[in-house]
Amino acid sequence: VGSVLRTVETAGAGRVICCGTTPAPPSPSVLRAAMGCADLVTVERAPSTLETVLELRREGFSVWACETTERSVVLFDTPPPRPLALIFGHEEFGVSVDVLEACDAVVEIPVYGLKNSLNVANAVAVALFDVVR
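Residues numbered from 1 in each chain as written. Predicted model: local features only at pLDDT ≥ 70, side-chain atom pairs only at ≥ 80, totals over all residues. Heavy atoms only, no water.

## Some remarks on the layout of surface pockets
Of the voids in this model, the largest pocket is the one considered here, and its volume is about 1,200 Å³. Where the lining of the largest pocket is concerned, the elements lending two or more residues are α1 (2-11), β1 (15-19), α3 (49-58), β5 (84-88) and α5 (120-132). Take the lining of the largest pocket: its biggest share by element is six residues, from α5. Considered class by class, the residues forming the lining of the largest pocket number 27 nonpolar, eleven polar and three charged. Size it by volume and the second largest pocket reaches roughly 370 Å³. Together, 21 residues line the second largest pocket, and Cys66, Glu67, Thr68, Ser117 and Leu118 are the ones closest to its centre. Those elements that provide at least two residues to the lining of the second largest pocket are β6 (105-108) and α5. Its residues assigned to classes, the lining of the second largest pocket shows ten nonpolar, seven polar and four charged. (1 Å grid on protein atoms, 1.4 Å probe; cavity = no way out; pocket = protein on both sides within 12 Å on 5 of 7 lines; lining within 4 Å. Points joined across faces, edges and corners; volume = space filled by probe spheres on them. Helix = DSSP H or I, 4+ residues; strand = E, 2+ residues; numbered from the N terminus. Nonpolar A, V, L, I, M, F, W, Y, C, P; charged D, E, K, R; others polar.)

## Topic: a nonpolar patch on the surface
The grouping of Phe76, Val111, Leu118 and Val126 at the surface amounts to a nonpolar patch, some 280 Å² of accessible area in total. By the element assignment, Phe76 lies in the loop between β4 (73-74) and β5. (Patch = residues over 30% accessible without salt bridge, like charges linked within 9 Å, V, L, I, M, F, W, Y side chains within 5 Å. Areas by Shrake-Rupley, 256 points an atom, 1.4 Å probe, with all protein chains shown as cover. Salt bridge = Lys/Arg side-chain N within 4 Å of Asp/Glu carboxyl O.)

## Some words on the pattern of salt bridges
Counted by the stated rule, this structure contains five salt bridges. In this structure, Arg15 engages Glu44 in a salt bridge whose closest nitrogen and oxygen atoms are separated by 3.3 Å. You can see Arg15 sitting in strand β1 and its partner Glu44 sitting in strand β2 (residues 42-46), a full 29 residues away along the chain. Judged by relative accessible area, Arg15 falls into the partly exposed class, the value being 32%. Within the structure, one salt-bridge network assembled from shared partners comprises Arg15, Glu44 and Glu59. (Buried < 20%, exposed > 50% of the residue type's maximum accessible area, 1.4 Å probe, protein only.)

Take a look at the structure:
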């Protein structure tokens, strides 16, 4: 999460919402990895990813889940709407089906090796910098 906060700050994005059991500041390990960026990014906590997606949509955000599924489209081929919220899943389990169904779109980062995904911090960096360019 600390690496995600660094990426969000350097990309100029405004907010990170940590859902469920995701660690967040003031966790010492998060603060250490954030390298001072935890104070520069708005960090919120929310108990439910699904409720967060629904609230973001009520606020006027388009919401994209970053996940490899049968319905996903390639991130790089899809012009991002504004405002946009990106949803990233659990390192092991990904984004849940109910959250995927609540999102406006599901996008994937193409991979070319044997593994089918990046870790969350790397996926955030790739997706966020593509969206803000």
